[in-house]
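Results of the structural survey
Okay, here's what each chain looks like letter by letter:
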Amino acid sequence: MNALLAFRGLFARQAKGLLIALLLSLVALASGVALLGTSGWFITATALTSAGLAFNLFVPSAMVRGFSFVRILARYGERLSGHDATLRLLADIRGWLFGRLFPRLPLNDRHMRHGDLVSRLTADVDALDTAFLVAIGPITAAVVIGTVLTSILAFLLPAAAVVYGLSFGMAVLLVPAGLVLTSRKAGSAIVMRAAAARAAILDGIEGHADLTLFGALGDTQARFSETATALSEARGRLATLSGFAAFGVQALAAIALAGSLWLGLEAFAAEQIDGPVLVGLLLAILASFEASSVIVRSVTKLTTAMAAAERLTAIADAPIEIVDPASPIALPDNLAITLDKVRFAYDGGAPVLNDLELSVAPGEHVAIVGPSGIGKSSLLNLLLRLAEPQSGSITLGGVDLPALALCDLQTSMALLSQDSPLFNDTISANLLIARPDASEDALWAALDAAGIGDFVRALPKGLDTLVGEAGRTVSAGQGRRLCLARTLLSPAPILLLDEPTTGLDRTAEVAFFDTLRKAATGRTVILVTHAGIPEGTVDRVLTMRGGQLT
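Residues numbered from 1 in each chain as written. Predicted model: local features only at pLDDT ≥ 70, side-chain atom pairs only at ≥ 80, totals over all residues. Heavy atoms only, no water.

**Side note on the overall build of the protein chain**
Here is the rule: Put simply, DSSP H or I for four residues or longer makes a helix, DSSP E for two residues or longer makes a strand, and each gets a number counted from the N terminus. With the radius of gyration taken over C-alpha atoms, the globule rule is written as 2.2 Å times the number of residues to the power 0.38. The classification of residues rests on relative accessible area computed with a 1.4 Å probe and restricted to protein chains. Under 20% of the type maximum is buried, over 50% is exposed, and intermediate values are partly exposed. Contacts between residues were defined by any pair of non-hydrogen atoms, one from each residue, lying within 4.5 Å. Working definition of accessibility: Shrake-Rupley area with a 1.4 Å probe, residue cover restricted to the visible protein chains.
From N to C terminus, the protein chain includes 17 helices and 10 strands. The globule rule puts the C-alpha radius of gyration for 550 residues at 24 Å, and the 33 Å found for the protein chain is more than 25% above it. The buried share among the 550 residues of the protein chain stands at 47%. Restricting the contact set of the protein chain to residue pairs at least 6 apart, pairs at least 24 apart contribute 79%. By element, 63% of the accessible surface of the protein chain is carried by carbon and sulfur atoms, the whole surface being about 27,000 Å².

**Quick word on the packing of aromatic side chains**
Heads up, the rule is: The criterion for an aromatic pair is that two Phe, Tyr or Trp rings (for Trp, the six-membered ring) have centres within 6.5 Å, with stacked assigned to planes under 30 degrees apart, edge-to-face to planes over 60 apart and tilted to the rest.
A complete count under the given rule lists 4 aromatic pairs for this structure. Ring geometry for F98 against F102: centres 6.3 Å apart, planes inclined by 50°, an arrangement best described as tilted. You can call F98 partly exposed: its relative accessible area is 33%. On the basis of an interplanar angle of 25° and a centroid distance of 5.4 Å, the ring pair of Y164 and F168 is categorised as stacked. In this pair, Y164 and F168 both sit in helix α7 (residues 158-206), 4 residues apart, roughly one turn of the helix. Taken as a pair, Y164 and F168 share a single burial class, namely buried. An aromatic cluster of at least three residues, connected via ring pairs, comprises Y164, F168 and F289.

**Quick word on the pairing of strand β8 (residues 524-529)**
For the record, the criterion: If DSSP finds at least two bridges between two strands, the strands pair.
Most of β8 sits inside the fold, with 6 of its 6 residues counted as buried. Residues T524, I526 and V528 point to one face of β8 and V525, L527 and T529 to the other, with burial holding for every one of them. Sheet topology note: the strand β7 (residues 494-498)/β8 ladder contains 5 bridges and is parallel. For L496, the partnering residue across the bridge sits in β8 and is I526.

**A closer look at the side chain of T465**
Counted only if it meets this: Distance and chemistry together define a polar contact, namely a pair of N or O atoms within 3.5 Å, with one atom able to donate a hydrogen and the other to accept it when in protein, and with adjacent residues in sequence counting only for side-chain atoms on both sides.
Within the secondary structure, T465 sits in the loop between α15 (453-457) and α16 (476-489). A distance of 2.8 Å separates a polar side-chain atom of T465 from the backbone oxygen of G462. Once residues lying within four places of it in the same chain are set aside, the contact partners of T465 are D425, T426, I427 and L459.

**Considering the nonpolar core**
Definition in use: Put simply, a nonpolar core is a bunch of buried Ala, Val, Leu, Ile, Met, Phe, Trp, Tyr and Cys residues held in one set by side-chain atoms that sit within 4.5 Å of each other.
Membership of the largest hydrophobic core comes to 39 residues, with the highest contact counts inside it found for L153, L157, Y164, I285 and F289. Contributing elements (two or more residues each) for this core: α3 (15-48), α6 (131-156), α7, α9 (217-269) and α10 (275-316). Considering each element in turn, this core owes the most residues, 13 residues, to α10. Those residues in contact with I285, other than ones at most four positions away along the chain, are L149, L153, Y164, A256 and S260. Core analysis: the next-biggest nonpolar cluster, separate from the first, contains 38 residues, L495, L497, F512 and L527 among them.

**Regarding the sheet that holds β8**
As a reminder, the rule being used: Axis lines are fitted to C-alpha atoms, over the contacting stretch for helices. Their N-to-C directions set the angle, which ranges from 0 to 180 degrees.
An order of β6-β7-β8-β3-β9-β10 is seen for the 6 strands of this open sheet, with the pairing classed as mixed. The open sheet has two edge strands with one neighbour each: β6 (413-416) and β10 (548-549). Pairing analysis gives 2 bridges linking strand β9 (residues 540-545) to β10, with the strands arranged antiparallel. The residue bridging R545 from the neighbouring strand is Q548, located in β10. The strands touched by α16 within the sheet are β6 and β7, with β6 carrying the most contacts at an inclination of about 175°.

**Digging into the sheet that holds strand β1 (residues 337-345)**
In space, the 4 strands of this open sheet follow the order β2-β1-β4-β5, with antiparallel pairing throughout. The sheet is open, and its two borders are formed by β2 (351-360) and β5 (399-400), each paired with just one other strand. Both β1 and β2 contribute to a ladder of 6 bridges, which runs antiparallel. Of the residues in β2, the one forming a bridge with L339 is L358. Together, β1, β2 and β4 (391-396) form the strand contacts of helix α11 (residues 376-383), whose direction differs from that of β1 by roughly 120°.

Below, the structure is given as structure tokens:
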């Protein structure tokens, strides 16, 4: 619960919309109770009225219709305002979460699977987002309705007020509290195992080719089946607990109704209450438990929301490994790059880079080649200060990187990684990520420099063409060139390229390198790849072996 309370500030931002939804929920519930109570009183009074006496049919029938319309409109308004506030809350939660994550990237926990992180950023946020709409709001509304009806009973049928008040209070407070305590473990298990299942699916999709190649597909499927079975068992336990809680609520509703009926008949026999009024009160009691029946389903959502909140705060409160200097030095004009005896290892393991030496002059194009997994990408992470070396120094223009402001350092460098994405938006929107204030002429210049300008001009909508999810509407080569155009559009004087030709055939590779040579003239380029570098593409080609460059 403490983790869920950590988001109270974000809930407070949407307090107006959530309060409107709560008030409309109260109106809808009150109208439902009044509708059934009035209907019971009206029908009973009509039946008991002798034929010879006049009875006003119009006012009660108008009240029935009025309560019915009010209930419908209030329920619609509650859904409209509640979902609007909830969607706005969703945006606030995502903005808060990403704002907390940016200074902490890359996350230091290298054991967190990619799929688990995706699960936290999507499913866990969605679970937290529903906390008010399906849990807090219904419980609050039920408490208010029960309090009001208990007060009415205390005035019209005092003996029944105690029975109803205790039964309803237990149904909306004691049973949900007990369900929260008993289902807390099951709710956490569901969130954890659902995250594991999503991670397994994502890992299986991304590594399907490797799993098939090494004959490990069957073992992976078996482990996923075990994860799915464990998830099913956790959901089964939660459903069982919810079923017992629902039975408890219905039993309390029966006790409240039967007790009120018994005491009401005694009061009716003593002529302390009219028959129509008694029937109306009994039906109102029955209708009031509509609010309590929703709570059991809501509490199961609340337990998963609490577990999701813990997972989100765990990554949002992770320690910041890379911090800005208290008094940063201004970025120098001469952006020569120097690495001196740099040693770097992950999590205390064997060194990936060992006494590495490298000097790159401004405007120089350098390629670093070697097989995958040898440390080439780690070198780029050190240059961007996404990680820190254990020893040695890295300078930019003679200034140690830790002395520079992170925003200045990372603004001076543009990274084109092997998995640089294209988003499901227009070509122009994808390009403007690099420089939001770029003019249309600048966009075309970047596309021409990347060798894809003519292709975009030939498209019916030009820059307004949608590239689809992950750029699926363009070929792999065109997608890489669009990413290169975005990189070139950046004003950064240093370009870092990490396996930029991944997924391209040799012809497309050679064409890409030739385009890069021409487009990046005047800028510093550090290119890491395991592909063969065509002669004349770069100024120097260095090979990484044993954590050093030769």
